[in-house]
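# Chains, contacts and geometry: an overview
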Amino acid sequence: MYVFDDLKSALNLPKTEKTIELANDYLIKNYLKINDLINAQMHINKKLSLDKNRIIYKYNLYILYKKQGNEKRALELFNEIKKTKPATVQDYIDLSEIYLEEGKIEHANKILER
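Residues numbered from 1 in each chain as written. Predicted model: local features only at pLDDT ≥ 70, side-chain atom pairs only at ≥ 80, totals over all residues. Heavy atoms only, no water.

## Some thoughts on the overall build of the protein chain
Our working rule: Helix and strand assignments follow DSSP, with helices taken as H or I runs no shorter than four residues and strands as E runs no shorter than two, numbered in order from the N terminus. Three exposure classes are used, based on accessible area relative to the maximum for each residue type with a 1.4 Å probe and protein chains only: buried under 20%, partly exposed in between, and exposed over 50%. The contact rule is simple, with two residues in contact once any of their heavy atoms fall within 4.5 Å.
Regarding its fold elements, the protein chain presents seven helices and zero strands. Each helix and strand of the protein chain, placed in order from N terminus to C terminus, yields the pattern α-α-α-α-α-α-α. With 114 residues in all, the protein chain has 33% of them scored as buried. Here the contacts in the protein chain between residues at least 6 apart in sequence split such that 41% fall between residues at least 24 apart.

## Quick look at the nonpolar core
Note the threshold: Think of a nonpolar core as a cluster: buried Ala, Val, Leu, Ile, Met, Phe, Trp, Tyr and Cys residues, connected wherever their side-chain atoms sit within 4.5 Å.
L32, I44, L61, Y62, L64 and I81 are the most contacted members of the largest nonpolar core, which totals 25 residues. Put simply, the parts of the chain that give this core at least two residues each are helix 2 (17–33), helix 3 (37–50), helix 4 (55–67), helix 5 (71–83), helix 6 (89–101) and helix 7 (105–113). With nine residues, the single largest contributor to this core is helix 4. Setting aside residues no more than four positions away along its own chain, I44 makes contact with I28, Y57, N60, L61 and L64.

## Some points on the packing of aromatic side chains
Rule in force here: Two rings belonging to Phe, Tyr or Trp (six-membered ring only in the last case) form a pair when the distance between their centres is within 6.5 Å. Interplanar angles under 30 degrees mark stacking, angles over 60 mark edge-to-face geometry, and anything in between is tilted. Note on geometry: a ring has a charge over it if NZ (lysine) or CZ (arginine) is within 6 Å of the ring centre and within 35 degrees of the ring normal.
Following the criterion strictly, the structure yields three aromatic pairs and no others. Feature note: the residues Y59, Y62, F78 and Y99 constitute an aromatic cluster, connected by ring pairs. Sitting over the ring of Y26, K29 keeps its end group 5.5 Å from the ring centre.

## As for the packing of helix 5 against helix 6
Note the following rule: Axis definition: a line fitted to C-alpha atoms, limited for helices to the stretch in contact. Angles are taken between N-to-C directions and run from 0 to 180 degrees. Each angle is binned into one of four classes, with values under 35 degrees roughly parallel, values over 145 roughly antiparallel, values of 65 to 115 roughly perpendicular, and all other values oblique. Two helices cross in a left-handed way if the nearer one is turned anticlockwise from the farther one by less than a right angle. They cross in a right-handed way if the turn is clockwise. The classification used treats Ala, Val, Leu, Ile, Met, Phe, Trp, Tyr, Cys and Pro as nonpolar, Asp, Glu, Lys and Arg as charged, and all other residues, Gly among them, as polar.
Direction vectors running N to C along helix 5 and helix 6 enclose 140°, while the axes themselves pass 11 Å from each other. Taken together, the axes of helix 5 and helix 6 lie oblique to each other. The handedness of the crossing between helix 5 and helix 6 is left-handed. Mapping the contact onto sequence places F78, I81 and K82 in helix 5 and L95, I98 and Y99 in helix 6. Of the residues that constitute the contact of helix 5 with helix 6, the class distribution is five nonpolar, no polar and one charged.

## Considering unusual backbone geometry
If you check the backbone angles, N35 has positive phi at about 60° while not being a glycine. Among the structural elements, N35 can be located in the loop between helix 2 and helix 3.

## Notes on the environment of L64
Position of L64 among the secondary structure elements: in helix 4. Remark: the alpha-carbon pair of L64 and K29, spanning 35 residues in sequence, is separated by 9.8 Å. Here L64 is in contact with L32, L37, A40, Q41 and I44, once residues within four sequence places are set aside.

## Structural notes on a nonpolar patch on the surface
Quick note on the threshold: A residue counts toward a patch only above 30% relative accessible area and without a salt bridge, and it is joined to like-charged neighbours within 9 Å or, for Val, Leu, Ile, Met, Phe, Trp and Tyr, to nonpolar neighbours within 5 Å. Only the protein chains shown count as covering a residue, and every accessible area follows the Shrake-Rupley method with a 1.4 Å probe. Salt bridge, as used here, is a side-chain nitrogen of Lys or Arg placed within 4 Å of a carboxyl oxygen of Asp or Glu.
Taken together, the side chains of V89, I93 and L112 make up a nonpolar region of the molecular surface, amounting to roughly 270 Å² of accessible area. Topologically, L112 is positioned in helix 7.

Here it is, written out as structure tokens:
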């Protein structure tokens, strides 16, 4: 994770695949925070088309469904996410956040202890 002293240093980061991916992930989170669900959905679908097994992408879709009031689909996706094997450290973090949102603190802690 990058820590910036100022905006200029952030903007001068090398445009690598990883920094672009992180920027896009934060863009989705920002769209979700401001309830721009149309743009959030568009970007989430784009990410899922690249890799449908990444937990962070499913996690963002889970949040989108909850914001849309589609609790049934959110629950279905939550159950699907629980069956997805984390492939990255970020996947473990995202999975633990989902458990925390569901009030399952012990499950969240077990995920992070692995």
